[in-house]
Each structure stands twice: as structure tokens, then as C-alpha cells.
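Here are the chains, one letter per residue:
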Amino acid sequence: MTGWRGRLWGVDSEDIDDLVYSEEGLFSQWSSNRISIPPKGYDSRGITGFAARREALGVGKSNVLHQVTGTNSDNFRAVKVSDQVGIEAPESVVIYRDTAFWLWKDGVYKWDSGGIECISDGKVRSWFTTSTYFNQSRFDDAFASYNPKTNTYDLHIAATGSSSEDRWISYSLTNNKWYGPHKTDA
């Protein structure tokens, strides 16, 4: 669930491919406000995450990213942004200065006014595409936060063979470099 345009947005409890939203400013009134996010019935996860930017609400599925645009119930619509990337870990989504960051199956992505870009390609791609560093079967459990002291996107992720998110990596928004993996006992 997320907030955008003065409304709450979430996933229908029965139809996991439908985006539902409240009336403006009335968070307990949902009536029949819904937008179907294709492809319907693709997998058992349905809508996997949200990225609420200023002018668009990103709605991710396992393999696709849509954006909802518009200002009210009369003109809200979902438009496909990419069928090459989705949101794997709902709690990995972080918005900083109208840029969304999140984890997908092959790395960390950012989405801003310039489009979608994989920011882990290059030197750290193998962190996400091999089983050497992280437990890929737990990617959907990863979580992230923005660290204002270091100006970093901090992603917490499970090490290979681990059943908990016991490693973290940082992406510096200042110099566009990756740091880690770091180990934590917390």
C-alpha cells in the first residue's frame, strides 16, 4: 500500500492483478475504484510493489512496470513503462528526490524522468546474477532504506546459504559507486 495524489493505493485482496484506490482524502472509502494491471493471471504474486513519484505511480509486477498517471478518478490510467523489468522486492523500493530505486531479479534499478536504468550493471552485476554473493531465492524478502548521513541507498539482502537478510550493500548517490557487501548480526 502507498499514498499518491491524496489517496491510498493497494492491491485487491482477491484479484491480485487489480490496483484499488480510495476516494481522495477519504482513506476508508474505497468504493469500486480499480485499475486492472496486465498481464492478468501471469503468476501467483500479481502486483509486487509501488513506486510513488511526483507525477506517476509506479506499479510493479514480477516482470513488468506500469505507471498510473492522471489527477482524478476520471483520468487515472495505467501505461506500461517496461516489460523488461519489474519489482522483485516490495520493501526494496525507495524514493529519493523523485527517483525510485528497487531490486529486481538481476540487479538494482532506478527510475526517474530519464527512464529506467540498471545501476548495478558493470562491476557489481555478478552480485545479483550469480549465487556467489547473495541468496537469490530470498530476493523478494530484501529491504532497503535511504541513509541521509551517507547519501546512500542501502539494500539489506541474504548472503548465499543464509535464511535472513544478514548482508547490506550501499549505492552512493553522491559518486554513483557501490560499497559492500557488509555483514551485520542485527
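In this report, the structure presented in the accompanying data block is examined.

A word on the overall build of the chain
In terms of helices and strands, the chain carries one helix and 16 strands. Each principal axis of the C-alpha atoms in the chain carries an extent, and together these give about 45 × 35 × 30 Å. Intrachain contacts of the chain at a sequence separation of at least 6 include 40% that bridge at least 24 residues. Carbon together with sulfur atoms contributes 46% to the accessible area of the chain, which is approximately 9400 Å² in total.

Digging into the pairing of strand S14 (residues 152-157)
With six of six residues buried, S14 lies mostly within the body of the structure. Side chains of S14 alternate between two faces, with Thr 152, Asp 154 and His 156 and Tyr 153, Leu 155 and Ile 157 buried alike. Bridge count for strand S13 (residues 143-147) against S14 is five bridges, and the pairing is antiparallel. Note that in S14 the partner of Tyr 146 across the bridge is Tyr 153. In this antiparallel pair of consecutive strands, S13 and S14, the connection spans four residues, and Asn 151 shows a positive phi of 55°. As judged from the six bridges shared by S14 and strand S15 (residues 167-172), these two strands associate in the antiparallel manner. Bridging from a neighbouring strand, Asp 154 pairs with Ser 170 of S15.

So, the sheet that holds strand S9 (residues 94-96)
Spatially, S9-S10-S11-S12 is the arrangement adopted by the four strands of the open sheet, whose pairing is antiparallel. Edge positions in the open sheet fall to S9 and strand S12 (115-118), since each of these has one partner strand only. Across the sheet, the mean angle separating the axes of adjacent strands is 25° when strand polarity is ignored. Bridge count between strand S11 (residues 107-112) and S12: four bridges; the pairing is antiparallel. Across the sheet, residue Asp 112 finds its bridge partner in S12, namely Gly 115.

What counts as what
Residues numbered from 1 in each chain as written. Predicted model: local features only at pLDDT ≥ 70, side-chain atom pairs only at ≥ 80, totals over all residues. Heavy atoms only, no water. Helix = DSSP H or I, 4+ residues; strand = E, 2+ residues; numbered from the N terminus. Contact = heavy atoms within 4.5 Å. Areas by Shrake-Rupley, 256 points an atom, 1.4 Å probe, with all protein chains shown as cover. Buried < 20%, exposed > 50% of the residue type's maximum accessible area, 1.4 Å probe, protein only. Pairing = 2+ DSSP bridges. Axes fitted to C-alpha atoms, helices over the stretch in contact; angles between N-to-C directions.

None of the figures reported here should be taken as evidence of function without further support.
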